[in-house]
Amino acid sequence: MSGFSVPRALNTFRATLALGALLVGALAQAQTGPVHLLVGFPPGGGTDAIARILADKLKDPLGRSVVVDNKAGAGGQIAAQALKAAAPDGNTFFLSHDHTISILPQVVKNPGFDPAKDFVPVAGFATFVNALALSGGTPAKSVNEYVAWVKSQGGGRGTVGVPAPASTPEFLVKVIGQKYALDLQSAPYRGSAPMMGDMLGNQIAAGVGSVPDFIENHKAGKIRVVAVLGAHRQAALPQVPTFAELGLAGFEDMPYYGIFAPAGTPKAVLDRFADALAKVVAQPEVKDRLTAMGLTVGFMAPAQLASREQAYTQVWAKLIKASGFQAQ
């Protein structure tokens, strides 16, 4: 005999159902407080502004308040480590762009996290491009004028601010210098907000960062965005040429913004957040605000975000190798 009995099977089935109910109940109880949306950069920058727009709107479809939790430093590395350490209970998510997820693990020997193992993509919501901007005290009004001005000031030597070390903007500074035969040195900051502070104070003549970092002060006439990357001009900056138009091709692949959760977070929780995000970015008010900041808004399901992350990682693996950069 196999030892099978209907009463015993029924008891086992009931116990399984009871355990499942307990787990669901425990998860629901754990999700009564606010959702923490980690951001790897300080308040005042483009990523922080984007996070606050989404957090304000996510509370309705989620039925919970969403708190932006700035853990600034090391190009988002501190926030990424915090996500890895967080319980996979649906209380903690990470809003990040390409740098922390796709690039930083390739340029830092021990970042303290592995996106492929420690994180799970929830959903993406936008792409964007990086740009070269000039401070108000810099007389140049175009890339060519900037090149001529740098050559006239210090024999072709200049300093350009970037929001984080070993970031896409830092590599772009090197490429721009090579393209125009300039000795450009990058000055890494702890996020775009402090970099912008120095640009507004004319402490630094130029900066490379994302369009969302620059757009507000550009429209206010306090700085000048003189070129953007990407295959096309940006809707928010129709008068600004692309670097491809100026002869610097090879950077048409657009960075992304996405939401990530700790590995092991239940699929039901991920689906609920992704559904809420899809509803939020579809709202005309939200889409208009993000578009005005220089984003190309478009919802990406988890598989789409994962695919974009992998493709962007591979693109930059080749660029980093070609540059001769050694992980630090």
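Everything below is about the structure shown above.
Thresholds, definitions, all that
- Residues numbered from 1 in each chain as written.
- Predicted model: local features only at pLDDT ≥ 70, side-chain atom pairs only at ≥ 80, totals over all residues.
- Heavy atoms only, no water.
- Pairing = 2+ DSSP bridges.
- Helix = DSSP H or I, 4+ residues; strand = E, 2+ residues; numbered from the N terminus.
- Axes fitted to C-alpha atoms, helices over the stretch in contact; angles between N-to-C directions.
- Contact = heavy atoms within 4.5 Å.
- Parallel < 35°, antiparallel > 145°, perpendicular 65-115°, else oblique.
- Nonpolar A, V, L, I, M, F, W, Y, C, P; charged D, E, K, R; others polar.
- Buried < 20%, exposed > 50% of the residue type's maximum accessible area, 1.4 Å probe, protein only.
- Left-handed = near helix turned anticlockwise from the far one by under 90°.
- Expected span 1.5 Å × (residues − 1).
- Bend = angle between axes of the 7 residues up to and from the residue.
- Phe/Tyr/Trp six-rings, centres within 6.5 Å; stacked < 30°, edge-to-face > 60°.
- Lys NZ or Arg CZ within 6 Å of the ring centre and 35° of its normal.

Overview of the sheet that holds strand β1 (residues 35-39)
By definition, the strands of a sheet pair up through backbone hydrogen bonds, in either a parallel or an antiparallel sense. A sheet is described by the order of its strands in space; here 6 strands give the open sequence β2-β1-β3-β10-β4-β11, paired in mixed fashion. Of all strands in the sheet, those bounded by a partner on one side alone are β2 (66-70) and β11 (296-300). Taken over all neighbouring pairs, the strand axes of this sheet differ in orientation by 30° on average, direction set aside. Taken strand by strand, helix α3 (residues 77-85) contacts β1, β3 (92-97), β4 (119-127) and β10 (256-262), and its axis lies near 150° from that of β3.

Details of the packing of helix α2 (residues 46-62) against helix α11 (residues 284-292)
Remark: α2 packs on α11, axes separated minimally by 11 Å, with the N-to-C direction vectors making an angle of 175°. Relative to α11, α2 is oriented roughly antiparallel. From α2, Ile 50, Ile 53, Leu 54 and Lys 57 reach across to α11, where they touch Glu 285, Val 286, Arg 289 and Leu 290. For the contact of α2 with α11, the residue count by class is 5 nonpolar, no polar and 3 charged.

Observations concerning the side chain of Asp 118
Residue position: Asp 118 is located in helix α5 (residues 115-118). Residue class for Asp 118 comes out buried when judged on its relative accessible area of 17%. With near-sequence residues (within four places) excluded, Asp 118 lies in contact with Lys 84, Phe 113, Ala 261, Pro 262 and Ala 263.

Notes on the packing of helix α8 (residues 192-200) against helix α9 (residues 211-219)
It is the contact of α8 with α9, at a shortest axis distance of 10 Å, that shows an interaxial angle of 30°. Between α8 and α9, the crossing angle belongs to the class labelled roughly parallel. In the packing of α8 onto α9, the handedness of the crossing is right-handed. Contact residues: α8 offers Ser 192, Met 195, Met 196, Met 199 and Leu 200, while α9 offers Asp 213, Phe 214 and Asn 217.

Brief notes about α2
Since one α-helical turn is 3.6 residues long, residues separated by three or four positions face the same way. Across its 17 residues, α2 extends 24 Å between first and last C-alpha, which sits within 8% of the 24 Å expected from 1.5 Å per residue. The largest bend along α2 reaches roughly 30° and is located at Asp 56. Every buried residue of α2 is listed here: Gly 46, Thr 47, Asp 48, Ile 50, Ala 51, Ile 53, Leu 54, Ala 55, Lys 57, Leu 58 and Leu 62. Of the residues one or two after α2, Gly 63 is the one with positive phi, at around 70°.

Some words on the packing of aromatic side chains
Applying the stated criterion to the full structure yields 9 aromatic pairs. Aromatic side chains Phe 113 and Phe 119 sit 5.5 Å apart centroid to centroid with 20° between the ring planes, which places their arrangement in the stacked category. Accessibility expressed as a relative area gives 6% for Phe 113, which makes it buried. Summarising the aromatic geometry, the rings of Phe 125 and Tyr 257 are spaced 5.8 Å apart at their centres and angled 20° between planes, so their arrangement reads as stacked. Taken together, the positions of Phe 125 in strand β4 and Tyr 257 in strand β10 put the pair 132 residues apart, joining distant regions of the chain. Residue Phe 125 is classed as buried on the basis of its relative accessible area, which comes to 0%. Relative accessible area serves as the criterion here: at 0%, Tyr 257 is assigned to the buried category. The ring centre of Tyr 180 lies 5.9 Å from the NZ or CZ of Lys 179, which sits over that ring.

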